[in-house]
Amino acid sequence: MAAPTMNRPDSDMPDFEPKVQTITLAKGINMGLRAAMEADKKVLVMGEDVGKLGGVFRITDGLQKDFGEERVLDTPLAESGIIGTAVGLAMRGFRPVCEIQFDGFIFPGFDQIVSQVAKLHNRSKGSIKLPIVIRVPYGGGIGAVEHHSESPEAYFAHTAGLKVVSCSNPVDAYWMIQQAIWSDDPVLFFEPKRRYYEKAQFDPAVSPDPLWSSRQLTSGKDVTVVGYGPTVRIALDGAAAAAEEGKELEVFDLRTLSPLDLGPVYESVRKTGRLVTISEAPSNCSISSEVAARVQRECFYSLQAPVLQVNGFDTPYPMSKAEEEYLPDLDKLLHAVDRSLGY
Amino acid sequence: MVLHAPETGHSTLLPSAEPVQLIDEHGAVTPHADYDLPSEAELLAAYRALVLGRRFDRQATTMVKQGRLAVYPSSNGQEASQVGAVLATRNDDWLFPTYRDCVALVTRGVDPVGVLTLLRGDWHSGYDPYEQHVAPQCTPLATQSLHGVGLAHAARLKGEDTVALVFIGDGATSEGDFHEALNFAAVFKAPVVFFVQNNGFAISVPLDKQSVAPSLAHKAIGYGIPGKRVDGNDVAAVISVVSAAVERARAGEGPTLIEAHTYRIDAHTNADDATRYRDAHDVEAWRGKDPVSRIDAYLRGTGALTEELAAGYAAEAEAVAEDLRRRLGADPVTDPRELFHHVYADRERLADQARLLDEELALEEGAGQ
């Protein structure tokens, strides 16, 4: 069965039914896009190189061949144009999925996103709905040149009217892209590009979690660790490494960055008394900062140590030769865990 | 200037040397080889819309002085451009207006109070965009032009024959979104018409500091679409030129860029002082090209506009003004809780913060008792 818990519009097209198989995160998004396009003819894919090429990361591979040039649209090379045109399409009932080629190239479209996509629902007193998904491959660790490794998610989480999510694994990738497409609010969908080719077993019979929910991945009594997108893998590795030393980490994948779903995290911190956040983004005014602020407010009497953040530095993302020094990694995480336990 | 135009036929994209004019400033017909004068019935309807639009504009200008509006960017002098462009469309064609297109919206049939809602300082556009097919008036420049392209493309995908008419000012032609919109529209062959009201100034900056193109309509050729120039104070010419572009778009032949030459008689808004940057003689010269008096003279000359008809339109215009005075004169009833109602389609997203405001309001009400 397909998408059992999702609010999917009626459709005269057959459901796309994938098999039990091993998939990459990239394939998960591709399959999710395909399922959504099969389910509803109003779903369009648009962006630079998304057609014949299938996108520079091949996320839209094969879609134009199967759904045609009208539904998988190679646009001129202009991000504001892509987003602004999607607004007009959405005003007439389409559900455009826009691909931004790399994180650092989203800014020519920034005005359309924060001033128009985010606000038109409100400015029209709820009359205009903009079910637009903006897919953004983000984060570093792939040895790329400048503007290809950034983590700009906080700009969008800061903006009223937008929702922001990030998947961390292939199975979530498949479900979350579809759930984002069925959202009547615009969604920034951040894809951890250095995890595109990590694999997992996918079983379509297993129902997905709701989109606007965080997820607990490990249980432990000592330190709570919160990551999202590309750093979830590091948090899980950290939990395994800490276990060898007899320390138990309770790891959470945020999944949704705006709105945040921190209820389960509060419960955890009330138990452990300790929280370490891990994210590639610069720490100043970041998702991690917001998590820290809310946890100290909600868990004040339970905290045994200050909330510690493992983040990128407040510098431009470095050239690839220096990115290892910049990026959060296992050592930095375990060091923060030890510091937290040292209080 | 000569542009080399090889066998591709791009010379046909070039705008005319002079703006198209069908009725001159004295009300005399100036026949044109490519454009016919609209019918007498169309011109009478245009005259009526001009009289109503001008009265609306004057009333709004008065009411901003009385503090009933937060700001008002007047359309004084530009009425023929706005009225003519709207009358060239069908009611199911979409308009994508700026903040200075209030007369266009009134002409389309949007409730005048709705038209002024944003300018009154409210948080929403004041009208349902789907009722009259009018997008919310856009304040950031040229951003709406891309929305028009997307909506026009959507119409094509849906097999509809509706057209999008995008309003832009001369200053906005410097914005990146204007250029991206022209290019996207051209590549998609979208049924959209870009209508630039060149009123000479972007607040204080004159056109020669905005662009050194031979004309703003010339910008079209770089995108492979036709550029047209029209006398923006001649409602007959505006109707004819915009109608041709709209029907061309409707027929699937793609977008057109039109530059209407007009003039902003008033300052940018009530908060602006135009005497600091322009010559009173220039303003007087443009008053002589008034868009209402020339069609008035023409229609009286043909006998189509009788004293009785003119008096009827004037009375209708007074009723519009009286209605505005009455409905805008009352203090608006605002509920701060509305802040949260439409930020997201998902109302639950801000429920926590909405409760905080409820508590704050309850405390205030308690303190007030």
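Scoring rules and cut-offs
Residues numbered from 1 in each chain as written. Chains lettered and ligands numbered in written order. Predicted model: local features only at pLDDT ≥ 70, side-chain atom pairs only at ≥ 80, totals over all residues. Heavy atoms only, no water. Helix = DSSP H or I, 4+ residues; strand = E, 2+ residues; numbered from the N terminus. Rg over C-alpha atoms; globule rule 2.2 N^0.38 Å. Buried < 20%, exposed > 50% of the residue type's maximum accessible area, 1.4 Å probe, protein only. Areas by Shrake-Rupley, 256 points an atom, 1.4 Å probe, with all protein chains shown as cover. Lys, Arg positive; Asp, Glu negative; His and termini not counted. Charge placed at Lys NZ, Arg CZ, Asp CG, Glu CD. Contact = heavy atoms within 4.5 Å. Buried area = accessible area lost by both parts, 1.4 Å probe. Salt bridge = Lys/Arg side-chain N within 4 Å of Asp/Glu carboxyl O. Nonpolar A, V, L, I, M, F, W, Y, C, P; charged D, E, K, R; others polar. Domains from an automatic or database assignment. Polar contact = N/O pair within 3.5 Å; in protein donor to acceptor, adjacent residues only side chain to side chain. Expected span 1.5 Å × (residues − 1). Axes fitted to C-alpha atoms, helices over the stretch in contact; angles between N-to-C directions. Left-handed = near helix turned anticlockwise from the far one by under 90°. Core = buried A, V, L, I, M, F, W, Y, C linked by side-chain atoms within 4.5 Å. Pairing = 2+ DSSP bridges. 1 Å grid on protein atoms, 1.4 Å probe; cavity = no way out; pocket = protein on both sides within 12 Å on 5 of 7 lines; lining within 4 Å. Points joined across faces, edges and corners; volume = space filled by probe spheres on them. Patch = residues over 30% accessible without salt bridge, like charges linked within 9 Å, V, L, I, M, F, W, Y side chains within 5 Å.

**Some points on the overall build of chain A**
If you tally the helices and strands in chain A, you get 12 helices and 14 strands. Taken over the C-alpha trace, chain A has a radius of gyration of 20 Å; the compact-globule value for 343 residues is 20 Å, and the two agree within 12%. Along the first, second and third principal axes, the C-alpha atoms of chain A reach 60 × 45 × 40 Å. When each of the 343 residues of chain A is scored for burial, the buried share is 63%. Total accessible area on chain A stands at roughly 12900 Å², and carbon and sulfur atoms take up 51% of it. In chain A, which carries 35 positive and 46 negative side-chain charges, the distance between the mean positions of the two groups comes to 4 Å.

**Overview of the interface of chain A and chain B**
With 42 residues of chain A at the contact, the number on the chain B side is 38 residues. Carbon and sulfur atoms supply 60% of the area buried between chain A and chain B, which totals about 3400 Å² over both sides. Our count for the contact surface shared by chain A and chain B stands at 2 salt bridges. With its nearest N and O atoms 2.7 Å apart, the salt bridge here joins K163(A) to D346(B). Sort the elements by how many residues they give to the side of chain A that touches chain B and helix α3 (residues 79-91) of chain A lands first, with 10 residues. Taken together, the residues of the side of chain A that touches chain B break down into 15 nonpolar, 16 polar and 11 charged.

**Let's talk about the domain arrangement of chain A**
Residue and element names in this part refer to chain A. The domain architecture assigned to chain A consists of domain 1 (19-202) and domain 2 (215-341). On a C-alpha basis, the centroid separation for the pair domain 1 and domain 2 is 26 Å. At the interface, 28 residues of domain 1 touch 25 residues of domain 2. Between domain 1 and domain 2 the total buried area reaches about 1900 Å² when both faces are included, carbon and sulfur atoms providing 51% of it. Taken together, the links from domain 1 to domain 2 amount to 4 salt bridges. A salt bridge links D172 to R215, with the shortest nitrogen-to-oxygen separation between them at 2.8 Å. Our count for the contact surface shared by domain 1 and domain 2 stands at 13 residue pairs in polar contact (both at pLDDT 80 or more).

**As for α3(A)**
Residue and element names in this part refer to chain A. Given a rise of 1.5 Å per residue, 13 residues ought to cover 18 Å, and the 19 Å separating the end C-alpha atoms of α3 matches this to within 8%. Most of α3 sits inside the fold, with 13 of its 13 residues counted as buried. Note on α3: the residue one or two positions beyond its end, G93, has a positive phi of about 100°.

**Overview of the packing of helix α1 (residues 25-39) of chain A against helix α7 (residues 170-182) of chain A**
Residue and element names in this part refer to chain A. Across the interface, α1 lies against α7 with an axial gap of 7 Å and an inter-helix angle of 35°. Both α1 and α7 take part in a crossing whose hand is right-handed. Residues L25, G28, I29, M31, G32, L33, A35, A36 and A39 of α1 touch α7, and the partners they reach there are P170, A173, Y174, I177, Q178, I181 and W182. Among the residues forming the contact of α1 with α7, the class breakdown is 13 nonpolar, 3 polar and no charged.

**Thoughts on the nonpolar core**
By size, the foremost hydrophobic cluster in this structure holds 76 residues, and its most contacted members are L188(A) and F194(B). Among residues more than four places away in sequence, those in contact with F194(B) are S145(B), V149(B), V166(B), I168(B), A181(B), L182(B), A185(B), P255(B), T256(B), L257(B) and I258(B). Of all hydrophobic cores here, the second largest spans 65 residues; its members include L44(B), L50(B), V51(B) and A245(B).

**Brief notes about the sheet that holds strand β6 (residues 227-231) of chain B**
All names here are of chain B. Taking strand neighbours across the sheet as the criterion, the 5 strands line up as β1-β2-β3-β7-β6 in an open arrangement whose pairing is parallel. Every other strand in the sheet has two partners, leaving β1 (94-96) and β6 as the edge strands with one partner each. Going from strand to strand, the sheet's axes swing by 20° on average, the running direction of each strand aside. Relative to strand β3 (residues 192-198), strand β2 (residues 164-169) runs parallel, the two being bridged by 6 bridges. Residue pairing in the sheet places A164 in a bridge with V192 of β3.

**Here we look at the domain arrangement of chain B**
According to the domain assignment, chain B consists of domain 1 (10-333) and domain 2 (335-369). Computed over C-alpha atoms only, the centres of domain 1 of chain B and domain 2 of chain B are separated by 39 Å.

**Considering helix α2 (residues 79-87) of chain B**
Every α-helix winds through 3.6 residues per turn, so residues three or four apart in the chain are directed the same way. Most of α2(B) sits out of view: 8 of its 9 residues are buried. Where α2(B) is concerned, the buried positions are E79(B), A80(B), S81(B), Q82(B), V83(B), G84(B), A85(B) and V86(B).

**Quick word on empty space enclosed by the protein**
Taken as a whole and assessed by the stated rule, the structure comprises 2 cavities of 30 Å³ or more. Volume-wise, the largest cavity comes out at about 50 Å³. In terms of lining residues, the largest cavity is bounded by M91(A), Q116(A), L120(A), R123(A), F96(B), A135(B), P136(B), C138(B), Q144(B) and H147(B). Here the residues of the lining of the largest cavity sort into 6 nonpolar, 3 polar and 1 charged. Space inside the second largest cavity adds up to approximately 30 Å³. Those elements that place two or more of their residues in the lining of the second largest cavity are β10 (223-227), β13 (275-282) and α10 (287-298) of chain A. Partitioning the lining of the second largest cavity into residue classes produces 6 nonpolar, 4 polar and no charged.

**Section: the sheet that holds strand β2 (residues 43-47) of chain A**
All names here are of chain A. Reading across the sheet, the 7 strands line up as β3-β2-β4-β5-β7-β6-β12 and stay open at both edges, with mixed pairing between neighbours. Two strands close off the open sheet at either side, each with one partner strand: β3 (72-74) and β12 (256-258). Neighbouring strand axes in the sheet, compared pairwise and without regard to direction, differ in orientation by 20° on average. Pairing analysis gives 2 bridges linking strand β6 (residues 163-166) to β12, with the strands arranged antiparallel. Looking at β12, one finds that V165 is bridged to T256.

**What to know about a negative patch on the surface**
All names here are of chain A. Together, D49, E69, E70 and D74 make up a region of like negative charge exposed at the surface. The topology assignment puts D49 in the loop between β2 and α2 (63-67). D49 sits in the partly exposed class, given a relative accessible area of 34%.

**Some details on the environment of L43(B)**
Mapped onto the elements of the fold, L43(B) is located in helix α1 (residues 40-65). The residues contacting L43(B), other than those within four sequence positions of it, are L37(B), P38(B), A236(B), I295(B), Y298(B) and L299(B).

**Concerning the pattern of salt bridges**
If you walk through the whole model with that rule in mind, you get 45 salt bridges over all chains. Among the salt bridges present, the one from D209(A) reaches R215(A), with a minimum N-O distance of 2.8 Å. Looking at R215(A), the relative accessible area reads 19%, which means it is buried. Of the charged contacts in the structure, one is a salt bridge between R58(B) and D266(B), with a shortest N-O distance of 2.7 Å. Taken together, the residues span a long stretch of sequence, with R58(B) in helix α1 and D266(B) in the loop between β7 (256-261) and α9 (280-287) at a distance of 208 residues. For R58(B), a relative accessible area of 30% translates into the label partly exposed.

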